[in-house]
Amino acid sequence: MQSMQEIQEYLRAHKLPEFRAKQILQAVYKEGKGSYDEIAVLPKNLREQFARDLPILCFEKTNEVRSKSGDTVKTLFKLHDGLLVEGVLMRFKNGRNSVCISSQVGCGLKCTFCATGTMGFTRNLTVEEIADQVLYFDQMLKSEQGARVTHVIFMGMGEPFLNYDNVIGAIRTLNDPDCLNLAARHITVSTSGIVPSINKLADFPLQVNLAVSIHAPNQELRESMMPIAKAYKLDQLIAALKAYGDKTKRRISYEYVMLYDKNDSPELARQLAELIRGQRAHVNLIPYNETYLGFKNAGKSRIDHFREILESYKIPTTVRVSLGQDISAACGQLAVEERKPPRPPSVVPIVQ
Ligand code: SF4
C-alpha cells in the first residue's frame, strides 16, 4: 500500500478530494479490507480506479505453505518485475504473532551456512514491498482469527542494513498510527554486522531492537563463516555495538547459529562470553535447520552446555523455539527452491 503522502499526491493529480486517502488507509490497515470492493464508503467508480492505480498490496502471492499445526505460514510473493521474496508468519501459543520479512531479493553476503546466500543479490526491496509483507499477514490474521501481527523481525532474505533507507522507511510505515501502528519495541532489525548502519541506527529516534548475527566469537572463525566479517572486523563491530548500547541504553541481541563441531565448543562459549561481557546483551542460540549445504545442527545437549557456560558468566541466554519445521519455515527456502532444481528435503536456517 502506498503511503498517505503518495496517495494524497495521486488524489491531487486526479483532482479528487484528499480525505479519500484517510478513508483508504483506515479501511486497509484498521478494518483489514483486502479489496476495494469491500470499502463501502468509496463510490463504485473510484473503487475500480483505485484498484487499478493504488493496489492494496504491491505484489501477488504465488505460493503458500502451512505447517501441520497451522502455527506457521510461509508465503512466496511475486514482485512487479517477476522476482520472488518470502515472508513467514509464526503464531505462538502466548498470543504473539511474529512476521519474519525480507529486505532484499537474494543476498550478496554469502554466509557459508545459508541457502539464501547461494542465490546472490538481485536488488533492494522498496519501502512498500517491505511493509506490504507485514500488511499481508496482518490481513490474514484479521480475517482468520480476528488477530493482528504483534512483532516484526527483519531476518528474512537479505541484509537489511545494506538497504538502510528503505528499511527505515518501512519501519516508519509499520509504526505509523495511520498504518499498522506497531510499537517500535516490537520491531527487530537483524544485521550481519554492517558497522556504518549500526552507527546510523544509534541516532534513529524510534526504539527498535537490534539483533546482530555474531555466529563466532573470534575473527578467524567468523570470517570463515561470514565473508562480510573481512570488511567489518570483529573488534570494529564490537566497538560499534558498545557505542550503540551506551548511546541508546538498549539491549543488543546476539544471534548465534549452533553448528555441530564448527562453532559450538565450550571454549568458544567462553570466548563469546568474554567478548560481550559487560554489555546490555542477550544471546539467542539458534538450532540449525540442516540443509544441503553440509552443516549439522549442534544438537540439544551441546546447545544446552553452551548456554550453561554463557549463563555462568551472567549473560542472559535463550534457545530459539523453532516453529514450522515441517514446511522448511526458515526465510529464503521457498524462493531458493523456486529458482533451483529439486534436491533432497532440507531446511534453511532462520539466521541473518
Ligand atoms: S545469513 Fe543473512 S546475511 Fe548471511 S547470506 Fe544469509 S541472508 Fe545473507
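Student: Got a minute to help me understand the overall build of the chain in this structure?
Tutor: Helix and strand counts for the chain stand at 13 helices and 12 strands. What you see for the chain is a C-alpha radius of gyration of 21 Å, in line with the 20 Å of a compact globule of 352 residues. Principal-axis analysis of the C-alpha atoms gives the chain an extent of 70 × 45 × 35 Å. Long-range contacts, defined as pairs at least 24 residues apart, comprise 66% of the intrachain contacts of the chain with a sequence gap of at least 6.

Student: Help me out: how do you make sense of the sheet that holds strand 4 (residues 97-100) in this one?
Tutor: The pairing of strands in a sheet comes from backbone hydrogen bonds and takes either a parallel or an antiparallel form. With respect to topology, 10 strands assemble into an open sheet ordered 1-2-3-4-7-8-9-10-11-12, the strand pairing being mixed. This sheet does not close on itself; its edge strands, each paired only once, are strand 1 (60-66) and strand 12 (317-319). Taken over all neighbouring pairs, the strand axes of this sheet differ in orientation by 20° on average, direction set aside. As judged from the three bridges shared by strand 7 (residues 151-154) and strand 8 (residues 187-191), these two strands associate in the parallel manner. Looking at strand 8, one finds that valine 152 is bridged to isoleucine 187.

Student: I keep staring at the domain arrangement of the chain and nothing clicks. Help me out?
Tutor: How big an interface is tends to be reported as the loss of accessible area on association of its parts. One can read the domain layout of the chain as domain 1 (1-56) and domain 2 (57-339). The gap between the C-alpha centroids of domain 1 and domain 2 is 33 Å. Contacts between domain 1 and domain 2 engage 10 residues on the former and 12 residues on the latter. Broken down by class, the residue content of the side of domain 1 that touches domain 2 amounts to six nonpolar, four polar and no charged.

Student: Explanation requested: the site of the ligand in the structure shown.
Tutor: Around the ligand lies a shell of 13 residues, among which Cys107, Leu109, Cys111, Cys114 and Gly117 are the nearest. Of the residues that constitute the shell around the ligand, the class distribution is six nonpolar, five polar and two charged.

Student: I tried to follow the pairing of strand 3 (residues 84-91) on my own but got confused; where do I start?
Tutor: It is a general feature of regular strands that their side chains alternate between the two faces of the sheet. Most of strand 3 is tucked away, with eight of its eight residues classed as buried. Neither face of strand 3 is left uncovered, since the one carrying Leu84, Glu86, Val88 and Met90 and the one carrying Val85, Gly87, Leu89 and Arg91 both have all their residues buried. Here strand 2 (residues 72-78) runs beside strand 3; their pairing, made up of seven bridges, is antiparallel. Note that in strand 3 the partner of leucine 76 across the bridge is glutamate 86. Here strand 2 hands over to strand 3 after five residues, with glycine 82 in that stretch at a positive phi of 85°. Judged from the four bridges that link them, strand 3 and strand 4 form a sheet pairing that is antiparallel. Bridging across to strand 4, leucine 89 finds its partner in valine 99. Hairpin connection between strand 3 and strand 4: a loop of five residues separates the two successive antiparallel strands, and glycine 95 in this loop has a positive phi of roughly 95°.

Student: Help me understand the packing of helix 11 (residues 266-276) against helix 12 (residues 300-312) in this model?
Tutor: When two helices pack together, their arrangement is given by the angle between their axes and by how far apart the axes lie. Between helix 11 and helix 12, whose axes approach to 9 Å, the crossing angle comes to 35°. With respect to the hand of their crossing, helix 11 and helix 12 are arranged in right-handed fashion. Here Pro266, Ala269, Arg270, Leu272 and Ala273 of helix 11 lie close against helix 12, whose contacting residues are His305, Phe306, Ile309 and Leu310. In terms of residue class, the contact of helix 11 with helix 12 is made up of seven nonpolar, one polar and one charged.

Student: Just checking my understanding: could you explain the pairing of strand 10 (residues 252-258) for this structure?
Tutor: Along strand 10, six of the seven residues are buried, which leaves the element largely enclosed by surrounding structure. The pairing of strand 9 (residues 209-213) with strand 10 spans four bridges and is parallel. Bridged to valine 212 within strand 10 is tyrosine 254. Pairing of strand 10 with strand 11 (residues 281-287), which is carried by seven bridges, proceeds in the parallel orientation.

Student: Any chance you could explain the nonpolar core here in plain terms?
Tutor: Note that soluble globular proteins tend to have their nonpolar side chains buried in a common cluster. Counting residues in each nonpolar core, the largest one holds 93 residues, and the members touching the most others are Val134, Val152, Leu174, Tyr256 and Met258. Broken down by element, this core gets its largest block of residues, nine residues, from helix 5 (residues 127-145). Each of two domains, domain 1 (1-56) and domain 2 (57-339), supplies a minimum of three residues to this core. Non-local contacts of valine 152, meaning those with residues more than four positions away in its chain, are made with Val99, Ile101, Val134, Leu174, Leu182, His186 and Ile187.

Student: What is the right way to read unusual backbone geometry from this model?
Tutor: Excluding glycine, a negative phi dihedral is what most residues carry, and trans is how most peptide bonds are arranged. Of note in the backbone geometry, asparagine 181 takes a positive phi value of approximately 60° without being a glycine. Classification of asparagine 181 as exposed rests on a count of 12 C-beta atoms within 10 Å. Backbone geometry at lysine 314 places phi at a positive 65°, although glycine is not the residue there. In this fold, lysine 314 is placed in the loop between helix 12 and strand 12.

Student: Explanation requested: the environment of serine 265 in the structure shown.
Tutor: Relative to the assigned elements, serine 265 resides in the loop between strand 10 and helix 11. Accessibility expressed as a C-beta count within 10 Å gives 15 for serine 265, which makes it partly exposed. Residues serine 265 and alanine 298 lie 33 residues apart in sequence; the distance between their C-alpha atoms is 9.4 Å.

Conventions and cut-offs
- Residues numbered from 1 in each chain as written.
- Predicted model: local features only at pLDDT ≥ 70, side-chain atom pairs only at ≥ 80, totals over all residues.
- Helix = DSSP H or I, 4+ residues; strand = E, 2+ residues; numbered from the N terminus.
- Rg over C-alpha atoms; globule rule 2.2 N^0.38 Å.
- Contact = placed C-beta atoms within 7 Å.
- Pairing = 2+ DSSP bridges.
- Axes fitted to C-alpha atoms, helices over the stretch in contact; angles between N-to-C directions.
- Domains from an automatic or database assignment.
- Nonpolar A, V, L, I, M, F, W, Y, C, P; charged D, E, K, R; others polar.
- Near = placed C-beta within 6 Å.
- Buried ≥ 20, exposed ≤ 12 C-beta atoms within 10 Å, placed from the backbone.
- Left-handed = near helix turned anticlockwise from the far one by under 90°.
- Core = buried A, V, L, I, M, F, W, Y, C linked by C-beta atoms within 7 Å.

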